[in-house]
Amino acid sequence: MISLASRGQDQEYNCQPPHTYAMEEDTDVMSHKEGLNGLSHECKPVEDVTNGHSNHKPVMNGLIIGHNNKDHTNGSAPLRTLPISALKQNGLLQTLAAGGDQPKPAADNEELEKARQEWEAVESVQPVISEDSTPTPLISFNEALQYFQTTDLGDLLKNIQPTIRRTGLAAITHFLFGPPRLHRDLLEERDLVFAIAQCPVDNSQPVHMRVLQTIYKRLVGSKLDCPRYGVHWETIGFQGTDPATDLRGTGFLGLMHSLYFVMDPEMLPLARDIYKLSQHPTQNFPFSVMSINMTRIALQVLREEALSKECNRRQQVVGVLNEFYVATYLHLYQLWKTQQKTIADSGFVLKEVELFAKKNPKQMLRRLEVFLKEKRAGGIPRGTSPDPQAQQPSPGLGERGERGARGGHGSKGKEMHFTGVCDLPPDMEGEARLI
């Protein structure tokens, strides 16, 4: 009998009789080939010649390794039926792990090398803020407003409260001595404002997401999109990782006013000045939360009909409300900066701004007009530069407001410039605080 230890040559003859296989069944691997009906094949070298082609089968430690990884005992027994210890002793696992001695095709080597380089590159890839490889385009205020004008807001319109409900002597006094009523042809525009204020942020609406992205990118000067949720929203003054949770009392109007602020080319320098102050080491405050409070104040002044006279004069509601929002934020900014206010003073400052805005709406608008006129007279404000991304300016104070009035058409035909407003819960009305 020929033992396994004596079979180390590359070629050998399988001359073991059939009955020997039964006697040596505990041998790790046998190279005996048994024919049909128990008859043995003719002894010949492992390297056969079939149809004129070499069918060389390498032998490792006495084990024949075929292309199908089969032991040729009985012609078809699979190699995986052998004990793992037998594979280890015969070096088969090491051979398979090492890839064998056969040279790899050039194409396979190239693919492996390419895969290796790509895998190594994964470790060097930096996390990106963008959720999409293609940044979403900026959206103008007018485009966002048009979305709401063409959306069915019937269910929201049922719940609006566009004016203060007065009864008894208060109703009589307001009728006799209060501000004029809003013109009938402006009621639809006013109601649209309050309906938008009822709208929550909808992640499935591309316009809503573009508004958020535009506000963020314009304030921080980024060209890349940011994730829907994350601490980056705190950078621009929201209280947490989701801006939608801060819109209590103003709905989507809070975002629309911010959008107007950063997309109007004449207002943007002021917006960035206020944002810069909000990042001050000692005078810092949450920019977006404060902005929402300015929207809340503007909405309340509109509800109390203190803006009706100016809306009637200019024959628009949205444009007047937008600029009143900016005028309110300007008033707070000047108080905060000149009087060295800090976040500890926010409650007192907000109350002061709200009382002044309600009593002096015309003066508030006039102050904004003078401020912008001085900026124009002085050229480009310090620290700012021409902005090629800015959209066309919205109708505003001064000559911009007069352009809207000269158009001679009502709310349906003219450009509207405002955004989502929501009714304030009864317990929030009149309160001055950071939301």
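Residues numbered from 1 in each chain as written. Predicted model: local features only at pLDDT ≥ 70, side-chain atom pairs only at ≥ 80, totals over all residues. Heavy atoms only, no water.

Trainee: Would you mind going over the overall build of the protein with me for this structure?
Mentor: A count of helical and extended segments in the protein gives 18 helices and four strands. Relative to its full complement of 435 residues, the protein shows a buried share of 44%. For the protein, the share of sequence-separated contacts (at least 6 apart) that also reach a separation of at least 24 residues comes to 74%. Entry remark: accessible area of the protein is about 23600 Å², with carbon and sulfur atoms responsible for 54%. (Helix = DSSP H or I, 4+ residues; strand = E, 2+ residues; numbered from the N terminus. Buried < 20%, exposed > 50% of the residue type's maximum accessible area, 1.4 Å probe, protein only. Contact = heavy atoms within 4.5 Å. Areas by Shrake-Rupley, 256 points an atom, 1.4 Å probe, with all protein chains shown as cover.)

Trainee: Sorry, what's going on with the pattern of salt bridges here?
Mentor: Two side chains with opposite charge may pair up if their charged atoms get near one another. For the structure on display, the rule yields twelve salt bridges. A salt bridge links E304 to K358; the shortest N-O distance between them is 3.5 Å. Remark: K358 occurs in helix α16 (residues 346–359) and E304 occurs in the loop between α13 (287–303) and α14 (308–314); sequence separation between them is 54 residues. For K358, the salt bridge is made with E354, and the minimal N-O distance between the two is 3.1 Å. Taken as a pair, K358 and E354 lie in helix α16 at a separation of four residues, close to a single helical turn. By sharing partners, the salt bridges in this structure join R296, E304, E354 and K358 into a single network. (Salt bridge = Lys/Arg side-chain N within 4 Å of Asp/Glu carboxyl O.)

Trainee: Got a minute to help me understand α16 in this structure?
Mentor: Turn by turn, an α-helix covers 3.6 residues, leaving residues three or four places apart pointing in a common direction. Here α16 spans 20 Å end to end across 14 residues, near enough to the 20 Å set by a 1.5 Å rise per residue. Residues of α16 that are buried include every one of S346, V349, L350, V353, E354, F356 and A357, and no others. (Expected span 1.5 Å × (residues − 1).)

Trainee: Is there a simple way to think about the side chain of H232 in this case?
Mentor: With respect to the helices and strands, H232 occurs in helix α10 (residues 232–235). The residues touching H232, leaving out its near neighbours within four places in the chain, are Y216, C226 and P227.

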